[in-house]
Amino acid sequence: MTTVATTINLIDMGKRAKTASHTLAKATTEQKRRVLLAIADALAAHAETILAANAEDLADARQNGLAEHLIDRLDLQKRLDNVINDVRGVASLPDPVGEVFNETTLENGLRVSKRRTPLGVLGVIYEARPNVTVDVATLALATSNAVILRGGKETLRSNIALVNVMRDVLAAHDFPADTIQYIESTDRRYVGDMLKLHQYIDMIIPRGGNSLHTFCRENSTIP
């Protein structure tokens, strides 16, 4: 697969994600649950489109000589049903936002406690496995966080198809579509640029091998 020459404005993406996170912070548990279930239904309804995009990614991977055990990680053909079921599972999880814990009463009668709040905007960098795109996006939504995703080049088409479905559902339910954004380029410079976007991204989560973790640790200005 050749490198996609798309020009990405990460600052604009960051601004839109931050704005979306402010709206998400006000979302109720029931509102989020409805959207998550609608995402599951939409992924099922658009399975043909998603799997067609995935088939193109798989064909490129084989043409480029990727090992079969690595190609298996890219394959949504036998995983999409499980991905959809996992989204429904996320919808059934308890909402951590607003949970009060470590409550205590001081000697002077003052009650003190901690309350769980959203982080804001997550930046997630990951390799292969397009199911991670849905896993991360829906867990972020369930915890009222916006997310900017940067997946591996081998599953670009699959990831874009998945994200487009989820964004359409968000917009249809009056949630900001920019809750979920995807860097639609295989240019590695965007990884480095993303790690410096501390004005808008509150936490970076790298999911991959040691080299990715090391690169993020050494180059990120974001926790």
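For the structure, check the block above.
Because the structure is predicted, anything quoted here is derived from the model rather than measured.

1. A look at the environment of T117
The residue T117 is located in the loop between β2 (111-115) and β3 (121-126) in this model. In this structure T117 comes out as exposed when scored by relative accessible area, which is 59%.

2. What about helix α6 (residues 131-142)?
Over its twelve residues, α6 runs 17 Å from end to end, which matches the ideal 16 Å to within 8%, given 1.5 Å per residue. Summarising burial for α6: ten of the twelve residues are buried, a large majority. Taken as a whole, α6 has its buried residues at N131, V132, T133, V134, V136, A137, T138, A140, L141 and A142. Count one or two residues on from α6 and you reach S144, which has phi positive near 65°.

3. Quick word on the pattern of salt bridges
Scanning the model with the defined rule gives 18 salt bridges in all. Note that D72 and R79 form a salt bridge whose closest N and O atoms lie 3.0 Å from each other. Here the residues in one salt-bridge network are D12, R16, R167 and D178, joined through shared partners.

4. Quick word on the sheet that holds β3
Taken in spatial order, the four strands make up an open sheet running β5-β4-β3-β6, and their pairing is parallel. Looking at strand neighbours, the two that pair on one side only are β5 (180-182) and β6 (203-207), the edges of this open sheet. Looking at each pair of strands side by side, their axes are set apart by 20° on average, direction ignored. Across five bridges, the pairing between β3 and strand β4 (residues 146-150) is parallel. The partner of L122 across the bridge, within β4, is V147. Across the face of the sheet, α6 comes into contact with β3, β4, β5 and β6 while running at roughly 165° to β4. Relative to the sheet, helix α9 (residues 210-219) contacts β3 and β6, its axis offset from that of β6 by approximately 160°.

5. Description of unusual backbone geometry
Of note, N102 is a non-glycine position whose phi angle comes to about 50°, a positive value. A positive phi angle, close to 60°, is found at D174, a residue other than glycine. Looking at the element boundaries, D174 is found in the loop between α7 (156-172) and β5. Look at D174 and you get exposed, because its relative accessible area is 72%.

6. Brief notes about helix α3 (residues 47-63)
Taking 1.5 Å per residue as the helical rise, α3 with its 17 residues ought to reach 24 Å, and the 24 Å between its terminal C-alpha atoms agrees with that figure. For α3, the complete set of buried residues consists of A47, I50, A53, N54, D57, L58, D60 and A61. Axial view of α3: buried residues confined to an arc of 160°, hence all on one face. Along α3, the residues that are exposed and aim more than 90 degrees away from the buried face are E48, T49 and Q63. Of the residues trailing α3, G65 is marked for its positive phi of about 80°.

The rules we used
Residues numbered from 1 in each chain as written. Predicted model: local features only at pLDDT ≥ 70, side-chain atom pairs only at ≥ 80, totals over all residues. Heavy atoms only, no water. Helix = DSSP H or I, 4+ residues; strand = E, 2+ residues; numbered from the N terminus. Buried < 20%, exposed > 50% of the residue type's maximum accessible area, 1.4 Å probe, protein only. Expected span 1.5 Å × (residues − 1). Salt bridge = Lys/Arg side-chain N within 4 Å of Asp/Glu carboxyl O. Pairing = 2+ DSSP bridges. Axes fitted to C-alpha atoms, helices over the stretch in contact; angles between N-to-C directions. Contact = heavy atoms within 4.5 Å. Arc of directions from axis to C-beta.

Function cannot be inferred from these measures alone, as they are strictly geometric.
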